[in-house]
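Structure at a glance
Below, each chain spelled out in residue letters.
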Amino acid sequence: MDIRSRFGLRPVINVSGTMTSLGASIVGPQAVDAVAGILPQFVEIDDLQRRASAAIAAACASESGYVTASCSAAITLAIAATMTGDDLGLVERLPDTTGLSNEVVVQTGHLINYGAPVDQAIRLAGARAVPVGAATEAHGYQLAAAISERTTAALFVVSHHTVSYGLIQLEEFVAVAHDKGVPVIVDAASEYDLKRFIAAGADLALYSAHKFLGGLTAGIVAGRKALVRAAYFQNGGIGRGMKVGKEGIAGTIAALEAWRTRDHAAVRERERRYLQLWHDTLNRLPGIAATIDPDPTGNPLDRLKVSIDASRARISAWDLADALARPRDDARPVIVRDHEVELHYFFLDPCNLHPGEEQIVAARFVEEIGRAQSAREPVVTPFHQRDAKRHAARRNWPD
Ligand SMILES: *Cc1c(COP(=O)(O)O)cnc(C)c1O
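Let me sum up the structure you'll find in this document. The model shown is predicted, which means the values in this text are computed figures rather than measured ones. (Residues numbered from 1 in each chain as written. Predicted model: local features only at pLDDT ≥ 70, side-chain atom pairs only at ≥ 80, totals over all residues. Heavy atoms only, no water.)

**Digging into the overall build of the protein chain**
Heads up, the rule is: Where helices and strands are cited, they refer to DSSP runs of H or I of at least four residues and of E of at least two residues respectively, numbered from the N terminus. The quantity called the radius of gyration is restricted to C-alpha atoms. Its globule counterpart is 2.2 Å times the number of residues to the power 0.38. Think of it in three bands: with a 1.4 Å probe and only protein chains considered, a residue is buried below 20% of the maximum accessible area for its type, exposed above 50%, and partly exposed in between. Throughout, a residue-residue contact means that at least one pair of heavy atoms, one from each residue, lies within 4.5 Å. The Shrake-Rupley method, run with a 1.4 Å probe, gives the accessible areas here. Residue values count only the displayed protein chains as cover.
Counting secondary structure elements, the protein chain contains 16 helices and 12 strands. Against the compact-globule benchmark of 21 Å for 399 residues, the protein chain has a radius of gyration of 23 Å, which places it among compact chains. Taken along its principal axes, the extent of the C-alpha atoms in the protein chain is 70 × 50 × 45 Å. Relative to its 399 residues, the protein chain shows a buried fraction of 50%. Counting contacts in the protein chain only where the partners sit at least 6 residues apart, residues at least 24 apart contribute 72% of the total. Carbon and sulfur atoms form 53% of the exposed surface of the protein chain, whose accessible area is close to 19000 Å².

**A word on the layout of surface pockets**
The test is simple: Note on definitions: the grid is 1 Å and covers protein atoms alone; a cavity is a set of points where a 1.4 Å probe fits but cannot get out; a pocket is an open set with protein on both sides within 12 Å along at least five of seven lines; lining residues have an atom within 4 Å of a point. Grid points are joined across faces, edges and corners, and a volume is the space filled by probe spheres set on the points. Residues are grouped as follows: nonpolar covers Ala, Val, Leu, Ile, Met, Phe, Trp, Tyr, Cys and Pro; charged covers Asp, Glu, Lys and Arg; every other residue, Gly included, is treated as polar. In this document the domain limits rely on a domain assignment from an automatic tool or a database.
If you add up the space inside the second largest pocket, you get close to 590 Å³. For the second largest pocket, the lining is made up of 29 residues, of which Ser-159, Thr-162, Ser-164, Pro-296 and Thr-297 are closest to its centre. Listing elements by their share of the lining of the second largest pocket, those giving two or more residues are β5 (151–157), α8 (170–179), α9 (196–199), β9 (288–294), β10 (302–308) and β12 (345–348). For the lining of the second largest pocket, a count of residues per class yields 13 nonpolar, nine polar and seven charged. Here the lining of the second largest pocket gathers at least three residues from each of two domains, domain 1 (23–261) and domain 2 (264–395).

**Brief notes about the sheet that holds β10**
Strand pairing in a sheet relies on backbone hydrogen bonds. The paired strands run either parallel or antiparallel. How we decide: Two strands qualify as a pair provided that DSSP identifies no fewer than 2 bridges between them. For helices, the fitted axis covers only the stretch in contact; all axes are lines through C-alpha atoms, and the angles between them, taken along N-to-C directions, range from 0 to 180 degrees.
Spatial strand order, β9-β10-β12: three strands in an open sheet with antiparallel pairing. Here the strands that pair on one side only, and so sit at the sheet edges, are β9 and β12. On average, each strand axis in the sheet is inclined to that of its neighbour by 30 degrees, with strand direction left out of account. The sheet contact formed by β10 and β12 spans four bridges and is antiparallel. Paired with Ser-307 across the two strands is Tyr-345, which belongs to β12. Each of β9, β10 and β12 is contacted by helix α12 (residues 264–282), which is oriented at about 15 degrees to β10, the strand it contacts most.

**Examining the site of the ligand**
Where we set the bar: Any residue with a heavy atom positioned within 4 Å of a molecule or strand is treated as near that molecule or strand. In the analysis that follows, any N or O atom pair within 3.5 Å is treated as a polar contact, provided that within protein one partner can donate a hydrogen and the other can accept it, and provided that, for residues neighboring in sequence, both atoms belong to side chains.
The ligand sits among 13 residues. The nearest are Cys-71, Asp-187, Ser-208, His-210 and Lys-211. Contact distances for the ligand include 3.3 Å between an oxygen atom and a side-chain N or O atom of Ser-190. A distance of 2.9 Å is found between an oxygen atom of the ligand and a side-chain nitrogen or oxygen belonging to Lys-211. Expressed as a share of its isolated accessible area of 380 Å², the protein-covered part of the ligand is 91%. Split into classes, the residues belonging to the shell around the ligand amount to four nonpolar, seven polar and two charged.

**Description of the environment of Leu-90**
With respect to the helices, strands and loops of the structure, Leu-90 is situated in helix α5 (residues 88–93). Separated by 147 residues in sequence, Leu-90 and Gly-237 have C-alpha atoms that sit 9.0 Å apart. When residues no more than four places from it in sequence are discounted, the contact partners of Leu-90 are Met-83, Thr-84 and Leu-100.

Structure (structure tokens):
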């Protein structure tokens, strides 16, 4: 029995990617087993984290690592580490940073919202973000000029949400920061490549355990031992309210192990088959043009970009996304990747499907476009109304 029906929850099909709002990812069997095994047992957490450090070091080719509650927590605790070092008195004093260097330089085009604003993760530690450059243009000399004796860290964010052109590339970012003696922290929450950022000179690289890794909700801090240790010490300070349990640590160790032994080529091949099915089905529908699109940050993952000509489809991109998500009958809800939908397209992400769901997704498109074609009026809600309606619905929670 699907546990969702026991809880009265809709059996959603996730073609939007790894979204916290949908339960992140499919947790793999190795992580599930590790969690079931450790939940009833007592362990010495320092030893479990020591074991995690070795697993992270091996996976990331870093000196050491540890597991946090989330990548968002990892940002806050990594920044905290650069301010306190291993001084336990300072650890207990945060977020009061009186007298400490507490500025974090970060490119303006990197100040994204991943579910919460990245600069808030900085402020939680008692630090503040110093934006570098304009949203769509930044240069090394601007980064150099923004760094002073008040600077504690330089944060580099890797995400499809960041501005993707005109900004300082990681190699130059690291070179400028290191030239000024400032440590570089890379938020690589969703990046499949566990080694690239440490190899490029990052002092700390931060990942989510519950995204591509298919682990429990947790974060990974990898990097230089002294900084990792200082970040770990925050568990006796501001990190306490972001604590990870034994299950999160054990689940992360198991997920890293599973990642190492996973047949990545077979996964890609399966995803390619899903994309091809959707590509062929959707391109036969009126007003839809679908193309296979590479991941914007270079992950080995393609998505289907679905562009909607509302006049021919007789439904707008966002109304179609909503119709797929909120079927009128007992059809399965399909949640698409629609963060840019006002540009008249959305994406289908193949990385979080159970076998057979790809067919349901294709069928749901045929059904909804068929319905729109036979409707008396085209379905085109003004976009601002859709946004307002969504926010109104959120504000009503738990009703
Ligand atoms: C998902 C994400 C985060 C937050 O990660 P959590 O582990 O869910 O807290 C931070 N930064 C980026 C770029 C992300 O994609």
